[in-house]
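What follows is each chain in one-letter form.
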Amino acid sequence: MTGTIMKGIGGFYYVKCDSGTVFSCRARGRFRKDGQVPMVGDRVEIEITDPEEKEGYVTKIGPRKNQFFRPPVSNIDLLLVTFAISAPEPALELIDKLTVTAVSQGVACAVCINKAELNREKAANLAKEYALADFPVIVCSAKTGEGVDRLKDLLKGKVTALAGSSGVGKSSLLNAMGENFTLKTGAVSDKIQRGKHTTRHTELFPLSFGGFVFDTPGFGSFEVEKMMAQNLSAMFPEIAKHGGQCRFPGCSHITEPDCSVKDALNRGEIGQNRYNSYCALYNSLKDVKDWQL
Ligand code: GDP
Ligand code: ZN
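Treat the numbers as computed from the prediction; the structure is a model and nothing was measured. (Residues numbered from 1 in each chain as written. Chains lettered and ligands numbered in written order. Predicted model: local features only at pLDDT ≥ 70, side-chain atom pairs only at ≥ 80, totals over all residues. Heavy atoms only, no water.)

Novice: Sorry, what's going on with the coordination of the zinc ion (ligand 2) here?
Specialist: Each angle at a metal carrying four tetrahedral donors should ideally be 109.5 degrees, and each at a metal carrying six octahedral donors should ideally be 90 or 180 degrees. Surrounding the zinc ion (ligand 2) are the protein donor atoms Cys246 (SG), Cys251 (SG), His253 (ND1) and Cys259 (SG), which sit 2.1 to 2.4 Å from the metal. Geometry at the zinc ion (ligand 2) is tetrahedral, judged from the 4 donor atoms that bind it and their angles of 102 to 116° at the metal. On the primary sequence, the residues serving as donors to the zinc ion (ligand 2) are separated as C-x4-C-x1-H-x5-C. Overall, His253 belongs to the buried group, its relative accessible area being 5%. (Donors = N, O, S within 2.8 Å, 3.2 Å for Na, K, Ca; no water. Tetrahedral: all angles 85-135°; square planar, octahedral: opposite > 155°, others 65-115°. Buried < 20%, exposed > 50% of the residue type's maximum accessible area, 1.4 Å probe, protein only.)

Novice: Can you help me understand the site of ligand 1 in this one?
Specialist: Around ligand 1, a shell composed of 15 residues is seen, among which Glu117, Gly167, Lys170, Ser171 and Ser172 lie nearest. Between a nitrogen atom of ligand 1 and a side-chain N or O atom of Asn114, the distance comes to 3.2 Å. One of the backbone N or O atoms of Lys143 is found 3.2 Å from an oxygen atom in ligand 1. Burial of ligand 1 by the protein chains amounts to 66% of its free accessible area of 580 Å². It is helix H4 (residues 170-176) that provides the largest number of residues to the shell around ligand 1, a total of 3 residues. Looking at the shell around ligand 1, its residues break down into 3 nonpolar, 8 polar and 4 charged. (Near = heavy atom within 4 Å. Polar contact = N/O pair within 3.5 Å; in protein donor to acceptor, adjacent residues only side chain to side chain. Areas by Shrake-Rupley, 256 points an atom, 1.4 Å probe, with all protein chains shown as cover. Helix = DSSP H or I, 4+ residues; strand = E, 2+ residues; numbered from the N terminus. Nonpolar A, V, L, I, M, F, W, Y, C, P; charged D, E, K, R; others polar.)

Novice: Even after reading the chapter, I still don't get the nonpolar core, so can you show me in this structure?
Specialist: Within soluble globular proteins, side chains that are nonpolar tend to cluster in buried spots. Grouped together as the largest cluster of nonpolar side chains are 43 residues, with contacts concentrated most on Val15, Ile46, Val58, Phe83, Ile113 and Tyr130. Residues lining this core come from more than one domain, with at least three contributed by each of domain 1 (2-63) and domain 2 (68-221). In contact with Phe83, other than residues within four places in its own chain, are Pro90, Ile95, Val111, Cys112, Ile113, Asn114, Leu126, Tyr130 and Val168. (Core = buried A, V, L, I, M, F, W, Y, C linked by side-chain atoms within 4.5 Å. Domains from an automatic or database assignment. Contact = heavy atoms within 4.5 Å.)

Novice: Just to check I follow, could you spell out the UniProt feature "binding site: Zn(2+)" (unreviewed entry) in the chain for this structure?
Specialist: Under the UniProt annotation, "binding site: Zn(2+)" (unreviewed entry) lies at Cys246, Cys251, His253 and Cys259. According to the relative accessible area criterion, Cys246 is buried, its value standing at 14%. For Cys246, the residues in contact, after removing those within four places along its chain, are Cys251, His253, Asp258, Cys259, Ser260 and Val261. Mapped onto the secondary structure, Cys251 falls in the loop between helix H6 (237-242) and helix H7 (260-266). Apart from the residues lying within four places of it in its own chain, the contact partners of Cys251 are Cys246, Glu256 and Cys259. (UniProt positions renumbered as here; feature names shortened; annotations may be inferred.)

What follows is the structure in structure tokens.
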């Protein structure tokens, strides 16, 4: 039987079979000899040992489209970078680190701006900046319901990582889409470890209209920290688009004169906030030497 690993806790993998039944499985396959460990999101083959108790073994792991280590998860179709326009104030540098993670890993990225009813003008301005980067943008409000249908269309049939700080409204948006579960990956008491201990785990939640979501507040910063500064501009699609005609080869697009990126910024073809994030990230990376990567 084949299925998808929905979560893994204490050496058990919860595999949702294509028939819909969930089996709790241990790992027992050739892949273990190669040092491979099953991950949430993996497509796997299982051997059922006890149909009554719904137990079995993971015997084979299918090829992965992509894999991440913080949190450990594979086969993501979409990274949905979610923030609130206000309450809490958007942490733009962090948000743009998430878009960089998606682009650098070749994962499709979209931006969801929630609580739009709190400041429509600011929401429209930021939406424009992300549209200039060619990311699909959804301006929405879990409170008024605007944009919720578009969000539903976007998530349908995909495995989506909901990336965004707590409090931005991820659970509220799922509820507004008619899903009646709460994302609660933060702290789950692990009964196996006597109830007192709390562990973080990643869990895929099935969407009633098709697809899966999981919550991942601190997604991917690790990947970005390992990047070299001179590679950063390629991870900002709107900067990459306008680079290449600068006077100096290897232009950082920050201090050099005759820079085509700064020209595009002045023409409004690159968003000022996005550019600021680029500069801040560039400066945080530029002291990292090759040998440290
Ligand atoms: P999560 O931590 O990202 O899952 O965020 P929650 O869904 O728990 O929402 C955090 C808070 O923001 C709650 O008090 C919600 O009622 C509120 N909230 C969520 N969406 C909206 C919205 O569109 N507008 C406003 N004004 N508040 C919202
Ligand atoms: Zn330049």
